[in-house]
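# A closer look at the structure
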Amino acid sequence: MTTGPERRSEHLVVRLCRADDVAAITATEHPGARIAERLFTRQDRGESLFLTAWIDDAPVGHGEVVFAPLRELRSLHVSDTHRGRGIGTAIIRAAEEASGEAGELSVGVGLDNADARRLYERLGYSATGEVTTTTYLYVDADGEHEATETDERLVKQLP
């Protein structure tokens, strides 16, 4: 039995992250990134849903549905070796299913990320004209870095 939303396609499963999944996901991250730990902690506190994508027993992607102030999909990620296989779409669809009662789901898309924008628009998301700039820290193979990103909010009305 699964807790929360789950979508399946052949060997692909998208479901809520479980406590025993965190180590496997963390093993795919750059050392020190701690993304899975942070997302799972927020889910555990009831602030969000940490959706994870798996092929067989291997984590291949994730996204976070944040509850407040508006329902928003954040941190959508698909591993480089699994891109172009519908995994991002499956995570987005699971986020939409989990957000149905909210009536809409939004997402911020980097102004320089044309591929992601095309994906969201193909799935029915529309530009709002709302643009925000955020500065954040991230960890990659070269260590910790600061980045600034300008996003436009896209939104989709859910049935």
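Here's a quick rundown of the structure. (Residues numbered from 1 in each chain as written. Predicted model: local features only at pLDDT ≥ 70, side-chain atom pairs only at ≥ 80, totals over all residues. Heavy atoms only, no water.)

## Examining the pairing of strand 7 (residues 126-140)
Strand direction decides the pairing type here: strand 7 and strand 8 (residues 143-157), joined by 12 bridges, are antiparallel. Paired with V131 across the bridge in strand 8 is E152. Hairpin remark: strand 7 followed by strand 8, antiparallel, with two residues in the connecting loop. (Pairing = 2+ DSSP bridges. Helix = DSSP H or I, 4+ residues; strand = E, 2+ residues; numbered from the N terminus.)

## Focus on the pattern of salt bridges
Applying the stated criterion across every chain, the model contains 14 salt bridges. Among the salt bridges present, the one from R15 reaches D21, with a minimum N-O distance of 2.5 Å. We note that R15, like D21, is buried. R83 is the partner of D80 in a salt bridge, and the nearest nitrogen-oxygen pair spans 3.1 Å. A relative accessible area of 61% means that D80 is categorised as exposed. Look at R83 and you get partly exposed, because its relative accessible area is 48%. (Salt bridge = Lys/Arg side-chain N within 4 Å of Asp/Glu carboxyl O. Buried < 20%, exposed > 50% of the residue type's maximum accessible area, 1.4 Å probe, protein only.)

## Describing the side chain of H82
Looking at the element boundaries, H82 is found in the loop between strand 5 (72-78) and helix 3 (87-99). Assessed through its relative accessible area of 19%, H82 is described here as buried. Polar side-chain contacts of H82 include one of 3.1 Å to the side chain of T81. Those residues within four positions of H82 in sequence are excluded, and the remaining contacts are I55, V60 and I87. (Polar contact = N/O pair within 3.5 Å; in protein donor to acceptor, adjacent residues only side chain to side chain. Contact = heavy atoms within 4.5 Å.)

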